[in-house]
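# Structure at a glance
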Amino acid sequence: MQNQLGLVLKLLLLSALLSVLIKYAGPSLSIPATASNALIIVLLPIVIIAIALLWRFQAQKQN
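Parameters at a glance
- Residues numbered from 1 in each chain as written.
- Predicted model: local features only at pLDDT ≥ 70, side-chain atom pairs only at ≥ 80, totals over all residues.
- Heavy atoms only, no water.
- Helix = DSSP H or I, 4+ residues; strand = E, 2+ residues; numbered from the N terminus.
- Rg over C-alpha atoms; globule rule 2.2 N^0.38 Å.
- Areas by Shrake-Rupley, 256 points an atom, 1.4 Å probe, with all protein chains shown as cover.
- Expected span 1.5 Å × (residues − 1).
- Buried < 20%, exposed > 50% of the residue type's maximum accessible area, 1.4 Å probe, protein only.
- Patch = residues over 30% accessible without salt bridge, like charges linked within 9 Å, V, L, I, M, F, W, Y side chains within 5 Å.
- Salt bridge = Lys/Arg side-chain N within 4 Å of Asp/Glu carboxyl O.
- UniProt positions renumbered as here; feature names shortened; annotations may be inferred.

### A short note on the overall build of the protein
Broken down by element type, the protein carries 2 helices and 0 strands. Scaling as 2.2 N^0.38, a compact globule of 63 residues should have a C-alpha radius of gyration of about 11 Å, whereas the protein reaches 17 Å, well beyond that. Viewed in the frame of its principal axes, the protein has a C-alpha envelope of about 45 × 30 × 10 Å. As presented, the protein carries roughly 6,300 Å² of accessible surface, and 74% of it is formed by carbon and sulfur atoms.

Structural data, given as structure tokens:
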């Protein structure tokens, strides 16, 4: 139970930090509003998670 509470607290802290970063540092970035940039922003997290899960599956398959 202690381990799960620690994980939840870490995720909460990371989420809060990311939220503050987006709120205060995000507007200073000058990213043009193009269709390519929108696709990259939307699809990049999905691709990163897919790569991480594939990497984990391959590592588990070898053991």
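Still more ground to cover, so stick around.
### Some details on helix 2 (residues 35-62)
The terminal C-alpha atoms of helix 2, which comprises 28 residues, lie 40 Å apart, in line with the 40 Å expected from a rise of 1.5 Å per residue. Among the 28 residues that make up helix 2, 0 are buried, leaving the element largely open to the surroundings.

### Structural notes on a nonpolar patch on the surface
The grouping of Leu-39, Val-42, Leu-43, Ile-46, Val-47 and Ile-51 at the surface amounts to a nonpolar patch, some 560 Å² of accessible area in total. Within the secondary structure layout, Leu-43 lies in helix 2.

### Digging into the UniProt feature "transmembrane region" (unreviewed entry) in the protein
Cross-referencing UniProt, the feature "transmembrane region" (unreviewed entry) maps to residues 7-26 and 38-57 in the present numbering. End-to-end, the C-alpha atoms of residues 7-26 are 27 Å apart, and along that stretch the chain is 95% helix and 0% strand. Across residues 38-57 one finds 100% helix and 0% strand; the C-alpha atoms that close the span lie 29 Å apart.

### A look at helix 1 (residues 2-25)
With 24 residues, helix 1 should cover 34 Å at 1.5 Å per step; its first-to-last C-alpha distance of 34 Å lies within 8% of that length. For helix 1, a buried count of 0 out of 24 residues is recorded, marking the element as mostly open to its surroundings.

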